[in-house]
Every structure is written in C-alpha cells, then in structure tokens.
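The primary structure of each chain is shown beneath.
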Amino acid sequence: MISFLSAVRVGVRSHALVADYRSISTAKIPKKKEKQKAKVAVAALLKKEKRRTRSDREFEQIDSVRDQPHVPVMLGEVTDVFSKPICSFVDCTLGAAGHSSAIIESHPELRVFVGMDVDPLAYDVACSRIHALSNSHARSDLKVCTFLKNFKHIKSVLSEVDQSILNSGVDGMLMDLGMSSMQVNNPQRGFSVLGNGPLDMRMDPQASLKAEDILNSWPDTEVGRVLRDYGEESNWKLLQNKILKARLHGGLHSTSELVDLIRDMTPARRGGRQGWIKTATRVFQALRIAVNDELKTLEDSLRACFDCLAPGGRLAVISFHSLEDRIVKQTFLKIIECNKEYGDRDDEERGSRNLQKKGSDSDEKEAWIRQSLQGLNGTILTKRPITPSEEEEKLNSRCRSAKLRVIQKA
Ligand SMILES: C[S@@+](CC[C@H](N)C(=O)[O-])C[C@H]1O[C@@H](n2cnc3c(N)ncnc32)[C@H](O)[C@@H]1O
C-alpha cells in the first residue's frame, strides 16, 4: 500500500486516501507539521470530491474524433444526456463540431440542427464537417442551419430558422464554453501563455475590444477589477501597478511582454515556473473574460436558451472555470424557481421520484442521472456537476477542469 503522504502527493482518488488515512496509525510519519499539512490536503480533496460527481462512463476514444483539430470533452456523457429521441437540436458553440457530429450521427430522427459560433475559423471547420456528414449519411430530411453569431442572439437566430421552432421549442441545446484547441494553439489569437503573439484574445475577430486595449488604456481601477474579479488573482494590486508602470515605457503589445512582466514579479519561492505559469493563466483568463464579456453573456444566454426549450427539452452546459460554473449553477437554480436552499434532501429525493414517475410510462430513469433537483419551471438533472472520468483526464489534459450541468424544462 502506498504511504499516506505519497498518496497526497500523487493525488489519488478520495476513497484510496480514506483507506490510507485509516491506516495512518501504523504508517511512519516523519514530522508532526507534515502530518497536519497532509490531513488538511486530504480534507480538501474529500470536500472537492463530495461536491462533484465524477463520470464513471466508460471512456471511448472514437477514431473519427482523435484526428480532429479539437477533441470534444465528455462526448459520451453529452450523448447520454441526449439519448432520447430529439427532433431539434442547437449547438451554441460549434467549435470543430465534435459534439454536433456525434449528436447528428446518433439521432437519425433529428429534423432540425442549428449551430452557432462567433469564431469564423471554427465556424468554417464546423460547417464543412457537418455538411459532409449530412451528405454522406444521405440525410435529406435534416435541415441544417449554421450561424456565425454569438449565442446571446439565440432567439433571433431561431426566429430566422423558423418562427414555429421558436414557438414549439427545441428538444436539446448544448453550450461547451471556453476556447477550442484551434484557438489556444494559434499564438496569433493571443490566448496562449506559452506561445508569443499579439495581445488580442477576441473570440470574434470583428469585435472592437482587444486585451491590449484593457492593459494599455483602461483606468487603473478597472484593470485591477478585471484581475481581481475575473482572474481571482490575490496579487492583483501589484500586477495592476506593474501594468501601469509599463505604460510609461510604451505599454504591453505582445503576450510574451505580459508573461515576462508576470514572471519578473512572481518570487521564485512561490513555486518557480509553476508559480508564474499559474499566475499568468489567471491573468490571461481574466483578460479573456473581459474582452469577450463572457460572464454577462453567459448568464443572459442561459436564460434565453431555457426560454427556447420545448417542454421536457434539455440544456447541457460544460464550463471550464469556477466563475463560469458558479453562474451556471446559480442561474439554473433561479430558472427552475426552487424555493428551498440548494442541497435540500427532500427536494432532491422528490426530484428523483418525479423524474422516475414522469419517465415511467415509456422508460426507466436514465442511469447517468444521480441526484436531481426539481423546481416550478424545470429540473436540474445534475445536482452536482459531472466531471470527466479519470481515463479521459489522462488522455486529454484540457478536460481537467470541465464540469457538466444539465437542466430540463418542465
Ligand atoms: C470548447 S469550443 C467548442 C468545441 C465543440 N463542442 C467541439 O466539440 O468541437 C468553444 C467554442 O465556443 C465558441 N464561443 C465562445 N463564446 C461564444 C459565444 N458567446 N457565442 C458563440 N460561440 C462562442 C468559441 O469560439 C469556440 O469555438
């Protein structure tokens, strides 16, 4: 058996940690302080594990997906969410169309597919893939409509597709937030901490605001607010001052200039390379959120998407950082109008019972639904978010922070 301390170091799953923790009395612990530190680390891990539901779905690396410019996250879990027959589906974030292709392939009954993306490069990749797919499968009965648009325009997009679909509602919707590998891997987009490029960070290259505008001309308090609120960066004040100082020497114009500034101000004792990379990742995240107005857009769009669902229709959202996930969690709660506090046991049990009752005529409760929460307007099918399986995490490090939440309209 591995030792208690090494278990903490390698970050083994919580049950293994508990087992090790119980055998601690017989293990040899070098120092009292270290033992205390390890205890705290175990407690934190256990707490984290409790608040999420790791997917136990078998991870299948589908060949057609492996060679794509972006590997879709939790593909099997997403197809499970939409395993019942659907007539209409909207992918709000096409990317390289990995999720969309799987949905189209697994639903021959699908009649309307709508896809959106703000990024023209992603849009082109997705369109050619989806059109090739529908042609190769001779899906002449499938209406495919794609839009180079922000998902905040979901209602006008659907009315453009067909006013009747807006009235009757959509059966399935997906938002896979954040960036695609196509965006991160292209240094010219400015999203990457490790590759040098312009300080751009726009998802939509037609938008006017770039990261360098924020860094070089926004008021100091606004720069600080972005770093603090969107990056959750504890050193935001020092960073803000360094950025203002850089303005006196012509400002910051490339990602490597910004990274150098961060590296220079991160003391070596704060984790060396890992330390400054973590800070840089938080700063890049903060700027990207501000440039693309991501949080406000997300909150508004979640409501708009829910409005567009048919009764029984589902909206699945994959988020990649805690700010996004908090918005999804809280907005879902507000949408369903669940009066009791999140986590109420009776609600949870009642929710599961009702789901079973609702589905009992035609089918069983779906295996992927663990705990749900029912409100007046709908049901949250993921009381705790689903996170990728260990196998997927091993094969695709970019999925590590992903969380999937699903809501179903009453
Ligand atoms: C993680 S990728 C999606 C990957 C996709 N699910 C797949 O399987 O290939 C996210 C995509 O959402 C797009 N995006 C981000 N914010 C958006 C918004 N507000 N409206 C429309 N698309 C957006 C990005 O341009 C990016 O292509």
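The structure contained in this document is the topic of the report that follows. (Residues numbered from 1 in each chain as written. Predicted model: local features only at pLDDT ≥ 70, side-chain atom pairs only at ≥ 80, totals over all residues. Heavy atoms only, no water.)

1. Comments concerning the state of the cysteines
Chemically, a disulfide is nothing more than a covalent bond linking the sulfur atoms of two cysteines.
Next up, step 1: Tallying each qualifying case throughout the model produces zero disulfides.
Next up, step 2: Not engaged in a disulfide, the cysteine cysteine 92 finds its nearest cysteine sulfur in cysteine 305; these two sulfurs lie 4.0 Å apart.
Next up, step 3: With relative accessibility at 1%, the residue cysteine 92 sits in the buried group. (Disulfide = S-S within 2.5 Å. Buried < 20%, exposed > 50% of the residue type's maximum accessible area, 1.4 Å probe, protein only.)

2. With respect to helix 14 (residues 255-265)
Next up, step 1: Taken residue by residue, helix 14 has Thr255, Leu258, Val259, Leu261, Ile262 and Met265 as its buried positions. In a view along the axis of helix 14, the buried residues occupy a sector of 155°, so they form one face of it. (Helix = DSSP H or I, 4+ residues; strand = E, 2+ residues; numbered from the N terminus. Arc of directions from axis to C-beta.)

3. Topic: the pairing of strand 4 (residues 143-147)
Next up, step 1: When you tally the buried positions in strand 4, you get four out of five residues, the bulk of the element.
Next up, step 2: Relative to strand 4, strand 3 (residues 112-116) is paired through five bridges, and the arrangement is parallel. Each bridged residue has a counterpart across the sheet, and for valine 114 the counterpart in strand 4 is cysteine 145.
Next up, step 3: Once the chain exits strand 3 it traverses helix 7 (residues 120-136) before rejoining the sheet at strand 4, and the crossover so formed is right-handed. (Pairing = 2+ DSSP bridges. Right-handed = clockwise from strand over helix to strand, strands pointing away.)

4. Topic: the pattern of salt bridges
Opposite charge on two side chains permits pairing when their charged atoms draw close.
Next up, step 1: All chains considered together, the criterion is met by 20 salt bridges.
Next up, step 2: The salt bridge partner of lysine 149 is glutamate 160, with a shortest N-O separation of 3.7 Å. With lysine 149 in the loop between strand 4 and helix 8 (154-161) and glutamate 160 in helix 8, the pair connects residues that are 11 residues apart, well separated along the chain.
Next up, step 3: Residue glutamate 160 is classed as exposed on the basis of its relative accessible area, which comes to 53%.
Next up, step 4: The partner of aspartate 260 in a salt bridge is arginine 263, and the shortest N-O contact between them spans 2.6 Å. Highlighted residues: aspartate 260 and arginine 263, both in helix 14, separated by three residues, approximately one helical turn.
Next up, step 5: One connected set of salt bridges, linked through shared partners, spans Lys84, Arg314 and Glu366. (Salt bridge = Lys/Arg side-chain N within 4 Å of Asp/Glu carboxyl O.)

5. Here we look at the packing of aromatic side chains
Next up, step 1: The tally for this structure, following the rule as stated, stands at two aromatic pairs.
Next up, step 2: Summarising the aromatic geometry, the rings of phenylalanine 82 and phenylalanine 89 are spaced 5.1 Å apart at their centres and angled 85° between planes, so their arrangement reads as edge-to-face.
Next up, step 3: What makes phenylalanine 89 buried here is its relative accessible area of 1%.
Next up, step 4: Aromatic side chains phenylalanine 89 and phenylalanine 113 sit 6.4 Å apart centroid to centroid with 15° between the ring planes, which places their arrangement in the stacked category. (Phe/Tyr/Trp six-rings, centres within 6.5 Å; stacked < 30°, edge-to-face > 60°.)

6. Focus on the site of the ligand
Next up, step 1: What surrounds the ligand is a group of 24 residues, the closest being His99, Asp117, Phe151, Asp176 and Gln183.
Next up, step 2: The backbone of phenylalanine 151 places a nitrogen or oxygen atom 2.9 Å from a nitrogen atom of the ligand.
Next up, step 3: A distance of 2.7 Å separates a nitrogen atom of the ligand from a polar atom in the side chain of aspartate 176.
Next up, step 4: Protein burial of the ligand: of its 600 Å² of free accessible surface, 96% is covered by the chains.
Next up, step 5: The residue inventory of the shell around the ligand, partitioned by class, reads 11 nonpolar, nine polar and four charged. (Near = heavy atom within 4 Å. Polar contact = N/O pair within 3.5 Å; in protein donor to acceptor, adjacent residues only side chain to side chain. Areas by Shrake-Rupley, 256 points an atom, 1.4 Å probe, with all protein chains shown as cover. Nonpolar A, V, L, I, M, F, W, Y, C, P; charged D, E, K, R; others polar.)

7. With respect to the nonpolar core
Next up, step 1: Ile154, Met173, Met175, Leu258, Leu302 and Leu315 are the most contacted members of the largest nonpolar core, which has 68 residues in total.
Next up, step 2: When neighbours within four sequence positions are excluded, methionine 173 is seen to be in contact with Phe82, Phe89, Val90, Ile154, Cys305, Cys308, Leu309, Arg314, Leu315 and Ala316.
Next up, step 3: One finds Val81, Ile86, Ile369 and Leu404 within the second-largest nonpolar core, a separate group that totals 32 residues. (Core = buried A, V, L, I, M, F, W, Y, C linked by side-chain atoms within 4.5 Å. Contact = heavy atoms within 4.5 Å.)

8. Some remarks on the pairing of strand 5 (residues 170-176)
Next up, step 1: For strand 5, a buried count of six out of seven residues is recorded, marking the element as mostly surrounded by other parts of the structure.
Next up, step 2: Here strand 2 (residues 88-91) runs beside strand 5; their pairing, made up of three bridges, is parallel. Residue pairing for strand 5: aspartate 91 is matched across the bridge by leucine 174.
Next up, step 3: Two strands pair when backbone bridges link them, and strand 5 and strand 6 (residues 309-319) are joined in this way by six bridges, in the parallel orientation. If you follow aspartate 176 over to strand 6, its bridge partner there is isoleucine 318.

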